[in-house]
Amino acid sequence: MKEYDLIVIGAGPGGYEAAFEASGLGMKTALVEKDAVGGTCLNRGCIPTKALLHSAELYKSAADAGKFGVCFGEVSFDPVRIRERKEEVVLKLRQGIEGTAKRKKTEIIYGKAVVEAADTVRVISEEDEELLRAKHILIATGSVPVLPPIPGSTLPGVVTSDGLLNETEKIGRLVIIGGGVISMEFAAAYAMLGTQVTVIEAMPQILPNLDKEIARSLKMQMTKDGVLIRTSARVREIRQEADGSLVCDYTEEAAAKDADAGELLHAEADRVLIAVGRRAYTEGLFKEGAAPETDRGRIVVNENFETSVPGIYAIGDVTGGVMLAHYAAAAGKNAVRRMLGLPDAADLKFVPSCIYTKPEIACVGMTEDEAKTAGIPYSSRKVLMGANGKTVVTDGERGYIRVVFEKESGKILGAQMMCERATDMISEFTEALTLGLTTEELARAIRPHPTYSEAITEALRD
Ligand code: NAI
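Cut-offs and rules
- Residues numbered from 1 in each chain as written.
- Predicted model: local features only at pLDDT ≥ 70, side-chain atom pairs only at ≥ 80, totals over all residues.
- Heavy atoms only, no water.
- Helix = DSSP H or I, 4+ residues; strand = E, 2+ residues; numbered from the N terminus.
- Rg over C-alpha atoms; globule rule 2.2 N^0.38 Å.
- Contact = heavy atoms within 4.5 Å.
- Areas by Shrake-Rupley, 256 points an atom, 1.4 Å probe, with all protein chains shown as cover.
- Lys, Arg positive; Asp, Glu negative; His and termini not counted.
- Charge placed at Lys NZ, Arg CZ, Asp CG, Glu CD.
- Near = heavy atom within 4 Å.
- Polar contact = N/O pair within 3.5 Å; in protein donor to acceptor, adjacent residues only side chain to side chain.
- Nonpolar A, V, L, I, M, F, W, Y, C, P; charged D, E, K, R; others polar.
- Pairing = 2+ DSSP bridges.
- Axes fitted to C-alpha atoms, helices over the stretch in contact; angles between N-to-C directions.
- Phe/Tyr/Trp six-rings, centres within 6.5 Å; stacked < 30°, edge-to-face > 60°.
- Buried < 20%, exposed > 50% of the residue type's maximum accessible area, 1.4 Å probe, protein only.
- Left-handed = near helix turned anticlockwise from the far one by under 90°.
- Domains from an automatic or database assignment.
- Buried area = accessible area lost by both parts, 1.4 Å probe.
- Salt bridge = Lys/Arg side-chain N within 4 Å of Asp/Glu carboxyl O.
- Parallel < 35°, antiparallel > 145°, perpendicular 65-115°, else oblique.

Asker: Can you lay out the overall build of the protein chain for me, pointing to particular residues and giving the numbers?
Answerer: Tallying secondary structure elements over the protein chain gives 13 helices and 24 strands in all. In terms of overall dimensions, the protein chain is globule-like: its C-alpha atoms have a radius of gyration of 24 Å, near the 23 Å expected for 462 residues. Taken along its principal axes, the extent of the C-alpha atoms in the protein chain is 65 × 65 × 50 Å. For the protein chain, restricting intrachain contacts to residue pairs at least 6 apart in sequence, the fraction spanning at least 24 positions comes to 62%. Counting every atom, the protein chain has about 21,900 Å² of accessible surface; 51% of that belongs to carbon and sulfur. Side chains of the protein chain give 55 positive and 67 negative charges; the mean places of these two sets differ by 3 Å.

Below, the structure written as structure tokens:
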């Protein structure tokens, strides 16, 4: 039986970052993966969607380039090549992870891991089985899409994000069930590629977990871009017509109320994307009697990432809560360091969240509503991007930056941005929150001209 200090199960961003941290700190580490390294983020999530969005943005920019004095003639796109390019990007990054594993002396073992006891893992692959033993086991098995019990949801052409990322045909009409982050990113990409997109969201607003102002502004922008957004709507059934096209029957009442009442409305589609959330993935992971405590399928952990079974730890999507790659990666490093009694690598208190729509959305810390609920005397400032030089030069989307801060001290509480490059610029605010800076202190840094980030200085000062 092979012996390790640490066995990490799942090679997504949480798992591989934890394994590399452990190897770097001198632990003999095995990283077990049943599929491809990189997890959902690299193979079916963050990276492939951004590759799709990049192609869609290029197409849209080329189609609209005439107003900048650049003419291409007729612009078209090739969905097969878009998919191939996505595969190339994924492969390159996968090789990067495998290269880092070699350099760090982390052993990657391919196969399905089954935890048999607090210190024993069986790895089953097509060729063989092996038993591994370790002082610590870290579960980082991630999440899978939730499939709601909607009649017709198994029809051909009804897909999750996994399926849509492998699409090789031009899609004329796309209906998306759910109006969360995955929905908004696919809606943005497909709208740019000329698809008629309809979003059907059960709650009264899209992005129900986000700041109301951001959700309202995005709805306005998306609607302007031709996306049909139906809120407080419930899909009753997905049907297939004789010609193969799909129809979503839905009602528009507040879903929580009487779903049976109201007129039955219809949205036609060539593909239906289901994006109603993700759930922790632990299928077949534990031998009977070896499983730690769970809560609605999520593995329960304490502040040290320890599960109810001593020696077994868990991080990332499988523990529920914040389901973001960068959070899992930071938590993975901290978990390893806590196993060794070392100080944390990252402050997990302030987690930026980003949505890659057009324009981009990024938030960190508190919104005005959250400050109000917490009873903190706060103030906020908002700057519109319409007067920002770089935004005018690039004909960027209209948007804004809002900063929320303590009224008396000026200490920054949070920021919400909806503008070009918001996903890069949010890091300024994450740093400020982590360091406990005031608006005045953050405003002292000189920002280059002309840039989008100049608007941050403006938002910080009257
Ligand atoms: P989500 O939780 O963001 O949104 C799901 C939406 O579906 C909610 O608005 C919910 O009200 C709605 N919904 C639920 N049941 C419904 C029904 N039967 N009919 C209509 N609407 C319904 O989930 P999503 O978009 O699937 O994303 C999953 C996870 O992936 C998220 O937790 C997110 O953190 C992560 N993710 C993050 C990204 C980013 O940070 N850029 C990008 C993509 C995913």
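Asker: Please provide a residue-by-residue account of the site of the ligand, values included.
Answerer: In the vicinity of the ligand lie 20 residues, with Ile182, Glu185, Glu201, Gly277 and Cys354 positioned nearest. For the ligand, an oxygen atom lies 2.6 Å from a polar atom in the side chain of glutamate 201. In the environment of the ligand, a nitrogen atom lies 3.2 Å from a nitrogen or oxygen atom belonging to the backbone of alanine 202. Among the elements that line the shell around the ligand, the one with the most residues is helix H6 (residues 181-192), at 3 residues. Among the residues making up the shell around the ligand, the classes are represented as 13 nonpolar, 4 polar and 3 charged.

Asker: Which residues make up the sheet that holds strand E12 (residues 234-240), and what values go with them?
Answerer: Strand order in the open sheet formed by 3 strands is E12-E13-E14, with antiparallel pairing between adjacent strands. Only two strands of the sheet have a single neighbouring strand rather than two, namely E12 and strand E14 (265-269). Across this sheet, the average inter-strand angle for adjacent strands is 25°, counted without regard to direction. As judged from the 6 bridges shared by E12 and strand E13 (residues 246-251), these two strands associate in the antiparallel manner. Its bridge partner being in E13, arginine 239 is matched across the sheet by valine 247.

Asker: Outline the packing of aromatic side chains, listing residues and values.
Answerer: Here the distance between the centres and the angle between the planes together describe a pair of aromatic rings. All told, the structure shown has 2 aromatic pairs when counted by the stated rule. Measuring from centroid to centroid gives 5.0 Å for tyrosine 59 and phenylalanine 77, while their planes differ by 70°, and the two rings are edge-to-face. One end of the pair, tyrosine 59, is in helix H3 (residues 46-63); the other, phenylalanine 77, is in the loop between H3 and helix H4 (79-104), and 18 residues separate them in sequence. Residue classification places phenylalanine 77 among the buried positions, given a relative accessible area of 17%.

Asker: An account of the packing of helix H1 (residues 13-24) against helix H8 (residues 325-339) is requested, with residue identities and associated values reported.
Answerer: For the pair H1 and H8, the least separation of the axes is 7 Å and the interaxial angle reads 30°. Judged by the twist between their axes, the crossing of H1 over H8 is right-handed. Residues Pro13, Gly14, Glu17, Ala18, Glu21 and Ala22 of H1 lie in contact with H8, whose contacting residues are Ala325, Ala328, Ala329, Gly332, Lys333, Val336 and Arg337. The residue inventory of the contact of H1 with H8, partitioned by class, reads 7 nonpolar, 2 polar and 4 charged.

Asker: Outline the domain arrangement of the protein chain, listing residues and values.
Answerer: Under the domain assignment used here, the protein chain contains domain 1 (2-145 + 279-339), domain 2 (158-276) and domain 3 (353-460). Listed by partner, the interface residues are 18 residues for domain 1 and 15 residues for domain 2. Note on domain 1 versus domain 2: buried area summed over both sides is about 1,600 Å², and carbon and sulfur give 71% of it. It is Leu52, Phe77 and Arg83 in domain 1 that bury the most area against domain 2; as a group they hold 29% of the surface buried on that side. Where domain 1 meets domain 2, there are 1 salt bridge. Where glutamate 185 meets lysine 50, a salt bridge forms, and the shortest distance between an N and an O atom there is 2.7 Å. At the boundary of domain 1 and domain 2, one finds 5 residue pairs in polar contact (both at pLDDT 80 or more). Looking at the side of domain 1 that touches domain 2, the elements with two or more residues in it are H3 and H4. Looking at which element gives the most residues to the side of domain 1 that touches domain 2, the answer is H3, with 9 residues. Tallied by class, the residues present in the side of domain 1 that touches domain 2 amount to 9 nonpolar, 2 polar and 7 charged.

Asker: Residue-level account of the packing of H3 against H4, with values.
Answerer: In the contact formed by H3 and H4, the axes pass within 9 Å of each other and the chain directions differ by 140°. As far as their axial angle goes, H4 and H3 are oblique. Where H3 crosses over H4, the two elements pack in a sense that is right-handed. Contacts between H3 and H4 involve Ile47, Pro48, Ala51, Leu52 and Ser55 from the first element and Ile82, Lys86, Val89, Val90 and Leu93 from the second. Along the lines of polarity and charge, the residues of the contact of H3 with H4 split into 8 nonpolar, 1 polar and 1 charged.

Asker: Go over the pattern of salt bridges, please, and point to the residues and values.
Answerer: Inspection of the entire model under this criterion finds 32 salt bridges. Two residues, glutamate 368 and arginine 402, come together in a salt bridge whose shortest N-O distance is 3.7 Å. With glutamate 368 in helix H9 (residues 368-373) and arginine 402 in strand E23 (residues 400-406), this residue pair connects regions lying 34 residues apart in the sequence. Classification of arginine 402 as buried rests on a relative accessible area of 11%. Here glutamate 440 ties to arginine 461 by a salt bridge, and the two come within 3.2 Å at their closest N and O atoms. Of this pair, glutamate 440 sits in helix H12 (residues 439-443) while arginine 461 sits in the segment after helix H13 (454-460); the two residues are 21 residues apart in sequence, bridging distant segments of the chain. When its relative accessible area of 35% is taken as the criterion, arginine 461 is described as partly exposed.

Asker: Talk me through unusual backbone geometry; I want residue IDs and the actual numbers.
Answerer: Between lysine 358 and proline 359 the backbone carries a cis peptide bond, its omega angle lying at -5°. Structurally, proline 359 can be placed in the loop between strand E20 (353-355) and strand E21 (360-365). Looking along the chain, the bond that leaves histidine 449 and enters proline 450 is cis, with omega of -5°. Structurally, proline 450 can be placed in the loop between H12 and H13. Notably, leucine 207 is not glycine yet its phi reads approximately 45°, a positive angle. By the element assignment, leucine 207 lies in the loop between strand E10 (196-200) and helix H7 (212-224). Its identity as a non-glycine residue notwithstanding, aspartate 395 has a phi of 55°, on the positive side.

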